[in-house]
Amino acid sequence: MEPIPRHWAAVREVRSLPDGRELDLTVHGSSDDSPEDAQRDARERLERLVAAGGPRPVGRHDQEYYPDRRLPEELLQEVRSPDGELIGAITRNRYGAAVLNTDAVLVSDVDLVEETARDRPPSARGGLLSRLFGSGSESAPDDERDPDAFGLQGPGPRGEHHERTIARIDDFTRRHPELGVRTYRTRNGFRLLVTGSGAAPGSDRARELMGEVRSDGLYMLLCRVHDTFRARLTPKPWRIHVEPFRDLGSRTAADDIHRQWVEHYRAASADVAVCRLLGATGPTPTALEQQIIDLHDRAVRPESGLRLA
């Protein structure tokens, strides 16, 4: 994968666009060489943005989080193979969580499916995850399905969406026996780590595979923009009663306020997990894929039994 930029800079100006509109624009630049080079890059990007008529709309989420270029994120760690190949990087995202960036393993975030029964795939019954958490005669007993542990609110429509999503993931694993699939429960959905696909983050193959399990479309866009798959490794701050990092106005690790926030956030994260492992199917991962899986699992604590955040 391509290296994550080490230096970031921002330019914010009110500019007149070719169509007569005036917009308050903020553009980020990056560089591997120096902060000054990042500032120059930001200035050049601003001029190109103005000439192009301004930012394009992206839908229901804000432009800052789903832009048409890489997000400004602090580089925390590069992950290299035994022979020195860059296979991943950990960054701090806009609200403070650590995020794994990699092209060695396909990562798909899956929201709970809302669909009618007739929309279910024909073979969506009786798979590994359905036997553990599904509906019908193969369901686990109610007292083994703790709604709070899975981020649910008890019986009802949301529980049905949970089961339908499990069924869709089971169907995906049956239709792709050539792929290794590790399935995790997150606070509000699921995460799949898929090995053996060889799919680049921006490829049609990756888009097809993620589409089959109804991965969030804007998450897929973010992966294409970054040219890496992304997996959050640490809790969302507001779920552990910590003020989001973005509100502190600091992106520089040398700042005292930055270090103090990180220390507070780490302490508050001690009693929670990010994912819970539900099961794994398919061929054994390669050594490089296993290296990424091991790093991911050490961070998200999938077998700790802790509350998800």
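Here is a short report on the structure shown in this document. Since we're looking at a predicted model, the values are computed, not measured. (Residues numbered from 1 in each chain as written. Predicted model: local features only at pLDDT ≥ 70, side-chain atom pairs only at ≥ 80, totals over all residues. Heavy atoms only, no water.)

Once that is clear, we can look at the packing of aromatic side chains. One pass over the full model with this rule turns up three aromatic pairs. Members of the aromatic cluster, each reached through a chain of ring pairs, are F245, W261 and Y265. (Phe/Tyr/Trp six-rings, centres within 6.5 Å; stacked < 30°, edge-to-face > 60°.)

A word on the environment of I292. In this fold, I292 is placed in helix α7 (residues 287-300). According to the relative accessible area criterion, I292 is buried, its value standing at 2%. Residues I292 and A104, 188 residues apart in the sequence, show an inter-C-alpha distance of 7.4 Å. If near-sequence neighbours (up to four positions away) are discounted, I292 is found in contact with V79, I87, L100, T102, A104 and V105. (Helix = DSSP H or I, 4+ residues; strand = E, 2+ residues; numbered from the N terminus. Buried < 20%, exposed > 50% of the residue type's maximum accessible area, 1.4 Å probe, protein only. Contact = heavy atoms within 4.5 Å.)

Attention now moves to a negative patch on the surface. A surface patch of negative charge is lined by E2, D83, E85, D103 and D227. With respect to the helices and strands, E2 occurs in the segment before β1 (7-16). (Patch = residues over 30% accessible without salt bridge, like charges linked within 9 Å, V, L, I, M, F, W, Y side chains within 5 Å. Areas by Shrake-Rupley, 256 points an atom, 1.4 Å probe, with all protein chains shown as cover. Salt bridge = Lys/Arg side-chain N within 4 Å of Asp/Glu carboxyl O. Lys, Arg positive; Asp, Glu negative; His and termini not counted. Charge placed at Lys NZ, Arg CZ, Asp CG, Glu CD.)

It is worth spelling out the environment of E74 at this point. Looking at the element boundaries, E74 is found in strand β3 (residues 74-80). Along the chain, E74 and I4 lie 70 residues apart, while their C-alpha atoms are 9.0 Å from each other. A polar atom in the side chain of E74 sits 3.1 Å from the side chain of H258. (Polar contact = N/O pair within 3.5 Å; in protein donor to acceptor, adjacent residues only side chain to side chain.)

Counting across every chain of the model gives 20 salt bridges. With a shortest N-O distance of 3.0 Å, R15 and E47 are connected by a salt bridge. Of the two residues, R15 sits in strand β1 while E47 sits in helix α1 (residues 35-51), which places them 32 residues apart along the sequence. Using a relative accessible area of 35% as the deciding quantity, one classes E47 as partly exposed. The salt bridge involving R21 is made with D19; its shortest N-O contact spans 2.7 Å. Connected through salt bridges with shared partners, the residues E13, R15, R43 and E47 form a single ionic network.

With that out of the way, let us pick up the nonpolar core. Judged by nonpolar contacts, the single largest core of 38 residues is most densely connected at L106, F172, F190, L192, M210, F229 and L233. Every residue in contact with F172, bar those within four places of it in the chain, is listed here: L179, V181, V194, L209, E212 and V213. (Core = buried A, V, L, I, M, F, W, Y, C linked by side-chain atoms within 4.5 Å.)

Our focus in this paragraph is α1. The end-to-end C-alpha distance of α1, which contains 17 residues, comes to 25 Å, matching closely the 24 Å that a straight helix rising 1.5 Å per residue would cover. When we look at burial in α1, the residues that qualify are A38, D41, A42, L46 and V50. Viewed end-on, α1 has its buried residues packed into an arc of 170 degrees, placing them on one side of the element. What points out from α1, more than 90 degrees from its buried face, is the exposed set E36 and A51. Buried-residue contacts for α1 involve β1 and β2 (22-31). Note on α1: the residue one or two positions beyond its end, G53, has a positive phi of about 100 degrees. (Expected span 1.5 Å × (residues − 1). Arc of directions from axis to C-beta.)

Attention now goes to the pairing of strand β5 (residues 98-102). Within β5, five of the five residues are buried, leaving the element largely enclosed by the surrounding structure. Along β5, one buried face is formed by A98, L100 and T102 and the opposite face, lined by V99 and N101, is buried too. Two strands pair when backbone bridges link them, and strand β4 (residues 86-92) and β5 are joined in this way by five bridges, in the antiparallel orientation. Bridging from a neighbouring strand, I90 pairs with L100 of β5. Between β4 and β5, which follow one another and run antiparallel, lie five residues, and G96 among them has a positive phi close to 115 degrees. With four bridges connecting them, β5 and strand β9 (residues 229-232) associate as antiparallel partners. (Pairing = 2+ DSSP bridges.)

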